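What follows is each chain in one-letter form.
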Amino acid sequence: MANIVLLFFGIGALVTGYLNKNSQVAQARERWLKLGFYFLILILVFFSIYTDYVRLLAICIGIVGFYEIVKAHLYSERPLLFLCPVVVFYVALIAAFINFGHRASTEKVCFIYFMVVIFDGFSQLCGQLFGKRKLIPSVSPNKTVEGLIGALVIATGTSLFLFPSIDLSITQTLKTTLFICFSALLGDLLASWYKRSCQIKDYGTLIPGHGGILDRFDSFIFSGAMYGLIYL
């Protein structure tokens, strides 16, 4: 898996360099910064998974995410009744996510996070290279149909190299991968919808180039929680 991670980040670096050829200096710097911090986040999460600190990581993500949700609401003009069901849904989701981190094997957690990373990363890269048709512009204006298709193809193709390590058949692996990808997409769209509702661009500035914790981990939270609820 480490070799695949390095390969994909190499591809990401090549695509970033290609996109930066005709970009302004500030935009090019922002892309490189985002890629660099993405790699650091990936190392941190995999370290937490393999050292059995994934539950602590899930709790920390949940607490910071809760703060970001409340802070976003304070910037909006929405009534308190709008926040209440969002908080209830989020707390239930985080509880399921923490339970997933507790009950799932190290290999399964690692596989799910890796699929989320591939799906998120290549959705963006394929969208930037080939994207023409917007997926749901009113919720997430940067997502494209081409980006979605490209990410699904790459994620499912990659999963075929990993199924022996997670004790699943090829069919089960493909079904699980598609489930993770669409769960990750739904989690991302829900987080984007809440941001648009609160009229903010990012949940925070904690991670340079990535925004807040929810900007970076919304897909992992939702896909991990859904996998835990359905498969565990």
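Per an unreviewed UniProt entry, the chain carries the name Phosphatidate cytidylyltransferase and comes from Sphingobacterium multivorum. Quoted verbatim from the Catalytic activity (unreviewed entry) heading of the UniProt record, the comment on the chain is "a 1,2-diacyl-sn-glycero-3-phosphate + CTP + H(+) = a CDP-1,2-diacyl-sn-glycerol + diphosphate". Regarding the chain, the relevant UniProt record gives this comment under Subcellular location (unreviewed entry): "Cell membrane".

**Q** What's the story with the pattern of salt bridges in this structure? I'm lost.
**A** Side-chain pairs of opposite charge can arise whenever the charged atoms involved come near each other. Applying the stated criterion across every chain, the model contains 5 salt bridges. Measuring nitrogen to oxygen at the nearest pair gives 3.8 Å for the salt bridge that ties D120 to R216. Residue D120 is found in helix α5 (residues 106-130), and its partner R216 is found in helix α8 (residues 213-231); the two are separated by 96 residues along the sequence. The residues D120 and R216 share a single accessibility class, namely buried. Note that K201 and D202 form a salt bridge whose closest N and O atoms lie 3.7 Å from each other. Owing to a relative accessible area of 67%, K201 belongs among the exposed residues under this scheme.

**Q** Would you explain a nonpolar patch on the surface in this entry?
**A** A surface patch of nonpolar side chains, amounting to about 330 Å² of accessible area, comprises Y18, L129 and F130. A relative accessible area of 36% places L129 in the partly exposed class.

**Q** Would you mind showing me how to read the layout of surface pockets here?
**A** Unoccupied space between atoms shows up once a probe the size of one water molecule is rolled over them. The space that makes up the largest pocket amounts to roughly 1,500 Å³. Residue lining of the largest pocket: 48 residues in total, with K34, Q124, Q128, N142 and R216 positioned closest to the centre. If you list the elements that add at least two residues to the lining of the largest pocket, you get α1 (2-19), α2 (25-50), α5, β1 (134-136), β2 (140-144), α6 (145-159), α7 (170-198) and α8. The leading source of residues in the lining of the largest pocket is α5, at 12 residues.

**Q** Mind showing me how you'd approach the packing of helix α3 (residues 54-75) against helix α4 (residues 80-103) here?
**A** Two quantities define a packed helix pair, namely the angle between the helix axes and the distance between the axes. Two numbers describe how α3 lies on α4: the axes approach to 9 Å, and their chain directions differ by 170°. The pairing of α3 with α4 is recorded here as roughly antiparallel in orientation. The residues of α4 that touch α3, namely those facing V54, R55, A58, I59, I61, G62, G65, F66, I69 and H73, are L80, F82, L83, V86, V87, Y90, V91, I94, F97, I98, G101 and H102.

**Q** Which parts of the structure should I look at to understand the confidence of the model for the chain?
**A** Detailed conclusions should not be drawn from predicted coordinates in areas where pLDDT is low. Looking at the chain as a whole, the pLDDT averages 88, with 96% of positions reaching at least 70. Within the chain, no element has a lower average pLDDT than α1, which sits at 72, and none a higher one than α4, at 94.

**Q** Before we go on, may I ask you to explain the nonpolar core in this structure?
**A** The nonpolar side chains of a soluble globular protein tend to be buried, and buried together. Y113, Y194 and F220 are the most contacted members of the largest nonpolar core, which totals 68 residues. Broken down by element, the residue count for this core peaks at 14 residues, all from α5. Apart from the residues within four sequence positions on either side, Y113 is in contact with I41, L42, V45, F46, I49 and F220.

**Q** Where do I start with the UniProt feature "transmembrane region" (unreviewed entry) in the chain in this structure?
**A** Look at the UniProt record and you will see "transmembrane region" (unreviewed entry) annotated at residues 38-67, 79-99, 111-131, 143-164 and 176-194. Within residues 111-131, the helical portion is 95% and the strand portion 0%, while the C-alpha atoms at the span's ends are 27 Å from each other. Annotation note: span residues 176-194, helix share 100%, strand share 0%, distance between end C-alpha atoms 27 Å.

**Q** How do you make sense of the side chain of D218 when you look at a structure like this?
**A** On the secondary structure map, D218 appears in helix α8. The buried charged residue D218 lacks any salt bridge, with R216 as its nearest oppositely charged partner at 6.1 Å. The contact partners of D218, leaving out residues within four places of it in the chain, are G187, D188, A191 and I213.

Rules and cut-offs
Residues numbered from 1 in each chain as written. Predicted model: local features only at pLDDT ≥ 70, side-chain atom pairs only at ≥ 80, totals over all residues. Heavy atoms only, no water. UniProt positions renumbered as here; feature names shortened; annotations may be inferred. Salt bridge = Lys/Arg side-chain N within 4 Å of Asp/Glu carboxyl O. Helix = DSSP H or I, 4+ residues; strand = E, 2+ residues; numbered from the N terminus. Buried < 20%, exposed > 50% of the residue type's maximum accessible area, 1.4 Å probe, protein only. Patch = residues over 30% accessible without salt bridge, like charges linked within 9 Å, V, L, I, M, F, W, Y side chains within 5 Å. Areas by Shrake-Rupley, 256 points an atom, 1.4 Å probe, with all protein chains shown as cover. 1 Å grid on protein atoms, 1.4 Å probe; cavity = no way out; pocket = protein on both sides within 12 Å on 5 of 7 lines; lining within 4 Å. Points joined across faces, edges and corners; volume = space filled by probe spheres on them. Axes fitted to C-alpha atoms, helices over the stretch in contact; angles between N-to-C directions. Parallel < 35°, antiparallel > 145°, perpendicular 65-115°, else oblique. Contact = heavy atoms within 4.5 Å. pLDDT = per-residue confidence, 0-100. Core = buried A, V, L, I, M, F, W, Y, C linked by side-chain atoms within 4.5 Å. Lys, Arg positive; Asp, Glu negative; His and termini not counted.

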